[in-house]
Amino acid sequence: MNRRQSLRLIAGGAVFAATPLTAWTALAQTAPSGPFQVPPLGYGFDALEPHIDAQTMMIHHDKHHAAYVAKLNELTQQFHDLGTIPIEKLLADPSPVPLQIRTAVQNNLGGHWNHSFFWDLMTPGGAKAPAAELKAAIDGEFGDTEKMKDAMNKMAGDRFGSGWAWLVVTKDNKLDIVSTANQDTPIALGGRPVIGVDVWEHAYYLKYQNRRADYLKAWWNTVNWDKATANFKKVKV
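Residues numbered from 1 in each chain as written. Predicted model: local features only at pLDDT ≥ 70, side-chain atom pairs only at ≥ 80, totals over all residues. Heavy atoms only, no water.

What to know about the overall build of the protein
Filter applied, for reference: Helical segments are the DSSP runs of H or I of at least four residues, strand segments are the runs of E of at least two, and each set is numbered from the N terminus. Each residue's exposure class comes from its accessible area (1.4 Å probe, protein chains only) as a fraction of the maximum for that residue type: buried when under 20%, exposed when over 50%, partly exposed otherwise. Here, residues are in contact when the closest pair of their heavy atoms is within 4.5 Å. Accessible surface is estimated by sampling points in the Shrake-Rupley manner with a 1.4 Å probe; for residues, cover comes only from the protein chains shown.
When you go through the protein residue by residue, the secondary structure sums to 10 helices and three strands. For the protein, buried positions account for 46% of its 237 residues. Contacts in the protein between residues at least 24 apart in sequence constitute 69% of all its contacts with a sequence separation of at least 6. Of the roughly 11300 Å² of accessible surface on the protein, 55% is carried by carbon and sulfur atoms.

Given below as structure tokens:
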């Protein structure tokens, strides 16, 4: 999915801005058949208000994410192992994928993985600040949590066009901040994600328009630090 298609979806959603949230829920896209499925959001579209508006969450989850999943299920017709090889394994090494569809698989598999990670990270509830091992690692690498946020916001703000910014554990087992274009993931570079923020325009444009910096500042209020800590423990060697 390119930037023009993303903006088309946003514009289409804006037409129905007055539609009640319950109606949007009833109209949620049915998961396409195949080995890939859009994971349930697990919370209401409005659960992250006022930081992320309900309509953006509905379009983002039920339209954008679903589009990546639908394409993956379509691609399994050309590469049957796509639904059986672990996602992270293929993201790290896409060589088993036939060359003629490799880029399409990488783009859509990355979009599926990135968004699944993103929804889970923003699950309402949980700690509002890092603690224990993760806090110690952040303080040791960046000085404190606020400095880490500033560095990540700058990385995300400087991303030209669409993409993501990530707090990752590197190959040498240290924390670092990286940015990836479009739906690329840091997994291909050996990074193991702890936190990731989506800076595609569809993630924020309805509420923040061109004010990406405002979105990034507000977005930290949605981070569930218990989830971030669990990610850190999972990838820390």
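Notes on the pairing of strand 3 (residues 192–198)
Threshold: One requirement defines pairing of two strands: DSSP has to find at least two bridges between them.
Counting buried positions along strand 3 yields six of seven residues, so the element is predominantly enclosed. When strand 1 (residues 163–169) meets strand 3, the two strands line up antiparallel, connected through six bridges. Note that in strand 3 the partner of Leu167 across the bridge is Ile195.

A look at the environment of His80
With respect to the helices and strands, His80 occurs in the loop between helix 3 (54–75) and helix 4 (87–92). We classify His80 as exposed; its relative accessible area is 62%.

Focus on the packing of aromatic side chains
Worth spelling out the cut-off: Two aromatic rings, drawn from Phe, Tyr or Trp (for Trp, its six-membered ring), form a pair once their centres lie within 6.5 Å of each other, and the interplanar angle then sorts them: stacked below 30 degrees, edge-to-face above 60, tilted otherwise. Counting as a charge over the ring demands two things of the Lys NZ or Arg CZ atom: a distance within 6 Å of the ring centre and an angle within 35 degrees of the ring normal.
Counting across every chain of the model gives 11 aromatic pairs. Between Trp113 and Trp166 the ring centres are 6.3 Å apart and the planes differ by 45 degrees, which places this aromatic pair in the tilted class. With Trp113 in helix 5 (residues 99–121) and Trp166 in strand 1, this pair connects stretches of sequence that are 53 residues apart. Note on Trp113: relative accessible area 12%, which makes it buried. Taking 5.6 Å as the distance between ring centres and 50 degrees as the angle between the ring planes, the aromatic pair formed by Phe118 and Trp119 counts as tilted. Both residues of the pair, Phe118 and Trp119, count as buried. Pairwise contacts between aromatic rings join Trp113, Phe117, Phe118, Trp119, Trp164, Trp166, Trp219, Trp220 and Trp225 into one cluster. Stacked on the ring of Tyr208, the Lys or Arg Lys207 has its end atom at 5.7 Å from the ring centre.

Overview of the side chain of Thr145
Looking at the secondary structure, you find Thr145 in helix 7 (residues 145–158). Dropping the residues within four chain positions of it, Thr145 is found in contact with Pro130, Ile138, Asp139 and Trp225.

What to know about the packing of helix 7 against helix 9 (residues 212–219)
For any two helices packed against each other, the geometry comes down to the angle between their axes and how far apart the axes lie. Operational definition: Axis definition: a line fitted to C-alpha atoms, limited for helices to the stretch in contact. Angles are taken between N-to-C directions and run from 0 to 180 degrees. For any helix crossing, the convention is left-handed if the near helix is rotated counterclockwise from the far helix by under a right angle, and right-handed if that rotation is clockwise. Under the scheme applied, nonpolar residues are Ala, Val, Leu, Ile, Met, Phe, Trp, Tyr, Cys and Pro; charged residues are Asp, Glu, Lys and Arg; polar residues are all the others, including Gly.
Two numbers describe how helix 7 lies on helix 9: the axes approach to 10 Å, and their chain directions differ by 145 degrees. Between helix 7 and helix 9 lies a crossing whose hand is right-handed. Along the contact surface, helix 7 presents Asn153, Ala156 and Gly157, while helix 9 presents Arg212, Leu216 and Lys217. For the contact of helix 7 with helix 9, the per-class residue count stands at two nonpolar, two polar and two charged.

Thoughts on the sheet that holds strand 3
Strands belonging to one sheet form pairs held by backbone hydrogen bonds; the direction of such a pair is parallel or antiparallel. As summarised here, the arrangement of the three strands in space is 2-1-3, forming an open sheet in which the pairing is antiparallel. With partners counted over all chains shown, the strands left at the sheet margins are strand 2 (175–181) and strand 3, one partner each. Between one strand axis and the next, the sheet turns by 25 degrees as a mean value, whatever way the strands run. Pairing of strand 1 with strand 2 involves seven bridges; the strand directions are antiparallel. The residue of strand 2 that forms the bridge with Trp166 is Val178. Docked against the sheet, helix 5 engages strand 1 and strand 3, running at close to 85 degrees with respect to strand 3.

Describing the environment of Gly34
Relative to the assigned elements, Gly34 resides in the loop between helix 2 (21–26) and helix 3. Between the C-alpha atom of Gly34 and that of Thr76, which follows or precedes it by 42 residues, the distance is 8.2 Å.

Looking at the pattern of salt bridges
We count it as follows: What makes a salt bridge here is a side-chain nitrogen of Lys or Arg within 4 Å of a carboxyl oxygen of Asp or Glu, nothing more.
Under the criterion given, the structure shown has six salt bridges. Here Lys227 ties to Asp120 by a salt bridge, and the two come within 3.2 Å at their closest N and O atoms. Highlighted residues: Lys227 in helix 10 (residues 225–235) and Asp120 in helix 5, separated in sequence by 107 residues. Overall, the relative accessible area of 34% leaves Asp120 in the partly exposed class. One salt bridge in this structure joins Lys149 and Glu146, with 3.5 Å as the shortest N-O distance. With Lys149 and Glu146 both in helix 7 and three residues apart, the pair spans about one turn of that helix. Judged by relative accessible area, Glu146 falls into the partly exposed class, the value being 48%.

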